[in-house]
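Residue-level structure breakdown
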Amino acid sequence: MATCQRNILRSHLFSGTDMGQTSFIFLMSAVFLRGATVMIGEKCKDYESERTFSIHGEAAFLNCMLAKAHVFNYSVTPYNISWYDRRTGRQLFGETGRIQVQKSMLWFLTTTLEDAGYYQCVLRTPDQCFQQTSMLIVNETMAEYCQHPVTETQELTIVSNDFLVCKITLPFMASKDTIQWYKKASGVSAAQSCELIQKGEKYGSAGERLLVQNVSPSDEGFHTCRLNFTLSGAVGYMAMTIYLKVRDEWNLKPKMIKPNNEEIEATCGSPFSDICQVHVPGRGNNTVVVSWWREKKDVGPELISSNSSVRVHQAFKRKEKGENEEKLELVLRFTEVKEEDFSYTYVCVVHSDKGGVRGNLTLKRSYPDLPTHIALVFLGLVLLFTMGTVAYQLLKIDLALWCRGSFPCLYPRPGADGKAYDVYVLYPGMCDVGSCGRSLAEAFALHTLPQVLERRCGYKLFIFGRDSLPGETMVDSIRDNIAKSSHFLLLYTASTFSEWGGAGGDGHLLFAQQTGMHCALVEETLRVLLVELEKVTDFSTFPESLLHLRRKQGALEWWRLGGAGEQQLRPSSRFWKQVRYRLPPQGRCGACPERATLLNV
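Procedures and definitions
- Residue indices follow the written sequence of each chain, beginning from 1 at its first position.
- A pLDDT threshold of at least 70 governs which residues receive local features in this predicted model, and a stricter bar of 80 or more applies before side-chain atom pairs are shown or counted, although totals over entire chains, interfaces and linings include all residues.
- Side-chain descriptors were evaluated using all non-hydrogen atoms of the structure, hydrogens and water having been removed beforehand.
- Runs of H or I in DSSP of at least four residues are treated as helices and runs of E of at least two as strands, each being numbered from the N terminus.
- Only protein chains enter the accessibility calculation, which uses a 1.4 Å probe; a residue whose area is less than 20% of its type maximum is buried, one above 50% is exposed, and one in between is partly exposed.
- When checking whether two residues touch, look at their non-hydrogen atoms; a contact exists if any pair is within 4.5 Å.
- Areas reported here follow the Shrake-Rupley algorithm with a probe of radius 1.4 Å; residue values treat only the protein chains shown as occluding.
- The criterion for strand pairing is that DSSP finds at least two bridges linking the strands in question.
- For helices, the fitted line uses only the C-alpha atoms of the stretch in contact; every axis is such a line through C-alpha atoms, and the angle between N-to-C directions lies from 0 to 180 degrees.
- Should an angle fall under 35 degrees it is taken as roughly parallel, and over 145 as roughly antiparallel, whereas 65 to 115 is taken as roughly perpendicular and any remaining angle as oblique.
- Nonpolar residues are Ala, Val, Leu, Ile, Met, Phe, Trp, Tyr, Cys and Pro. Charged residues are Asp, Glu, Lys and Arg, and all others, Gly as well, are polar.
- The definition of a polar contact used here is a pair of N or O atoms within 3.5 Å, where within protein one atom must be able to donate a hydrogen and the other to accept one, and adjacent residues in sequence count solely through side-chain atom pairs.
- Our working definition of a disulfide is a cysteine sulfur pair at a distance within 2.5 Å.
- Geometry of aromatic contacts follows a simple scheme: Phe, Tyr and Trp rings, the Trp one being its six-membered ring, pair when their centres are within 6.5 Å, and the pair is stacked under 30 degrees between planes, edge-to-face over 60, tilted otherwise.
- Our definition puts a charge over a ring when NZ of Lys or CZ of Arg is within 6 Å of the ring centre and also within 35 degrees of the ring normal.
- By construction, the arc corresponds to the directions joining the helix axis to the C-beta atoms.

Quick notes on the overall build of the protein
The helix and strand inventory of the protein stands at 10 helices and 30 strands. Out of the 601 residues belonging to the protein, those deemed buried represent 41%. In the protein, the share of contacts with a sequence separation of at least 24, taken over all contacts with a separation of at least 6, comes to 69%. Carbon and sulfur atoms make up 54% of the accessible area of the protein, which amounts to about 32200 Å² in all.

Here we look at the sheet that holds strand 18 (residues 262-266)
If you walk across this open sheet you meet the 5 strands as 18-25-24-20-21, and the pairing is mixed. Edge positions in the sheet fall to strand 18 and strand 21 (299-303), since each of these pairs with one other strand and no more. Here the average twist between neighbouring strands, direction ignored, is 30 degrees. Relative to strand 25 (residues 357-365), strand 24 (residues 345-351) runs antiparallel, the two being bridged by 6 bridges. Directly across from Cys 348, in strand 25, lies its bridge partner Gly 359.

Observations concerning the packing of helix 4 (residues 440-454) against helix 9 (residues 574-582)
Taken N-terminus to C-terminus, the directions of helix 4 and helix 9 make an angle of 75 degrees; their axes are 12 Å apart at the nearest point. One element, helix 4, and the other, helix 9, form an angle in the roughly perpendicular class. Seen from helix 4, the contacting residues are Phe 444, Thr 448, Leu 449, Val 452 and Leu 453; seen from helix 9, they are Phe 575, Trp 576 and Val 579. Taken together, the residues that form the contact of helix 4 with helix 9 break down as 7 nonpolar, 1 polar and no charged.

Topic: the environment of Glu 50
Within the element layout of this structure, Glu 50 appears in strand 1 (residues 45-55). In this structure Glu 50 comes out as partly exposed when scored by relative accessible area, which is 35%. A C-alpha to C-alpha distance of 9.2 Å links Glu 50 and Cys 64, two positions 14 residues apart in sequence. In this view, Glu 50 contacts Gln 132, Thr 133, Ser 134 and Met 135; residues no more than four positions away in its chain are not counted.

As for the sheet that holds strand 26 (residues 421-426)
A sheet is described by the order of its strands in space; here 5 strands give the open sequence 27-26-28-29-30, paired in parallel fashion. Each of the sheet's edge strands pairs with one partner strand only, and the pair in question is strand 27 (461-463) and strand 30 (556-557). Where strand 26 meets strand 28 (residues 485-492), 5 bridges bridge the pair, whose relative direction is parallel. Paired with Val 425 across the two strands is Leu 489, which belongs to strand 28.

Things to note about the environment of Asp 341
Position of Asp 341 among the secondary structure elements: in the loop between strand 23 (325-334) and strand 24. Residue Asp 341 is classed as buried on the basis of its relative accessible area, which comes to 0%. For the pair Asp 341 and Ala 266, spaced 75 residues apart in the sequence, the C-alpha separation amounts to 9.8 Å. Discounting chain neighbours no more than four positions away, the residues touching Asp 341 are Arg 294, Arg 311, Val 312, Phe 334, Glu 336, Tyr 346 and Leu 363. In terms of polar contacts, Asp 341 uses its side chain to reach the backbone amide nitrogen of Lys 338, at 2.8 Å.

A few points about the state of the cysteines
Applying the stated criterion to the full structure yields 4 disulfides. Each disulfide pairs two cysteine sulfurs, and for Cys 44 the partner residue is Cys 129, the sulfurs being separated by 1.7 Å. With the S-S dihedral at roughly 65 degrees, the linkage between Cys 44 and Cys 129 falls on the right-handed side. A residue pair is termed long-range when its members are at least 10 positions apart, and Cys 44 in the loop between helix 2 (19-35) and strand 1 and Cys 129 in strand 8 (residues 129-139) qualify at 85 residues. In this pair, the class of Cys 44 matches that of Cys 129, namely buried. At a sulfur-sulfur separation of 2.1 Å, the disulfide partner of Cys 166 is Cys 225. When the S-S torsion is 70 degrees, as for the bridge of Cys 166 with Cys 225, the disulfide is right-handed. Note that Cys 166 is positioned in the loop between strand 10 (162-165) and strand 11 (175-185) and Cys 225 in strand 14 (residues 221-231), a separation of 59 residues in sequence.

Focus: the packing of aromatic side chains
Each pair of aromatic rings is reported with the distance of its centres and the angle of its planes. Evaluated as defined, the whole model comprises 22 aromatic pairs. Through a chain of ring-to-ring contacts, the aromatic side chains of Tyr 47, Phe 72, Tyr 74, Tyr 79 and Phe 130 assemble into a single cluster. Sitting over the face of the ring of Phe 342, Arg 365 holds its NZ or CZ atom 4.7 Å from the ring centroid.

Quick word on helix 5 (residues 474-483)
Taken residue by residue, helix 5 has Ser 477, Ile 478, Asn 481 and Ile 482 as its buried positions. Buried residues of helix 5, seen end-on, are gathered within an arc of 110 degrees and therefore sit on one face of the element.

Here it is, written out as structure tokens:
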């Protein structure tokens, strides 16, 4: 306790008071230390000390802050508060006179230098005791000199009209009477008296807020507000000093850019929004408030909600600061326009210390443009059809193969048409004797085709020479096996039908080609697949029937789509997908073990 008291004393000794007052406080502290033994028999828990500043002649009060929840449960526990002068140990009483005890407060209606010192409030409950020490510091500066030891700074903007605020807090047991304002310009000596501020061109309404009109640099300086009050029939006053600092800023009356008595079309049932645009000429900060209201005849104005979940609401959009101007934008938004909205006038209201401005907006019903809507719907359908057609052409093969693999029960089982073979393969270079060299067509027919279509996809192929029966004549073999096949696959190169390489020198090829074309074009009992192994530029030696079929259904170009290396044997390549698409379904691609490769690769 003694240490705490010495700390308080030390902080006061170095607080900047003059030597006479310091000596006086030092004597008061000595008395306080001696008087600390007055209540030595009672042990109370100490709480933090408080300081209160006052000026000779003014009122001051000390507040006992012990009735708090963190000290004890004051809402259910009975207690009483006593005040003591620590210099003498004497308890202070009375609710009238210069010194009064009002509930938890100790009042000095007119302070003197002799009142400075330490005072103690003691809060007692049935089984506990708490105490708090307060220090009253009385300054010798006279109130009429307009400068208290504790000063607050408030800033006002140049050119504007603004307020100084008197922030004296008066407890509820005292009643306010009047507030007077005084001014002392900076540079004026303390010996000169304050000037009472009168209402006029420079100063407007007074009270707790003093209106300073057209703020200028000459207004900078000390201003003091004096609050007169009454407590238990006795009169006192308290004062505070405010240093008015002038900011070199200016603002003019806002300008309404939009809306400007506008009438805008809106469609019932559709969303709608419009913007309030305001320009504020000036430099520095401003106190502009922008808001949307709605008015109706014989009905007062109603502020539009800023809650975005409400159907009609306002929302701040943009605030842009320029060198000598600030731009503000506030959005009025309808999530859905209703019939009742057309009976209101919507007003953007702007308030500032330089004046206000407003702009009106009304909604006018708009009706749908039927021809435009019909045209848009038609264009949308055309676009949708075009996109669907393009997508079908690009994806029809993949979709067809996916459906075959995913829904095999929707397709006929292999061999349901009574045919023994799925494909009859005809290729150039098939020799009656084994003296022929192995050509590109022969390698493709005897190696690549069986590797993919038979082993991986389950198709049954007839390849002359490989599948012919011993002793069977060529004509009978060709005629019978073509009749047993559902498709006829013709492989050819650029030189297949020239007089050197193909139709003229290979009787089997010529007969088989003619028989296949007859069955496809005349009897229509056979489907033909043309596979072009090389790029062909000269079709003069090609049979007319072949050219007709090529023009009608096209040819699969192995040289363009076949790929290279392992890609040649992958059923998922573009070429083999087209071959499989033109061949009959084989259930799940023939239920081959490489089904995952066929469907996913």
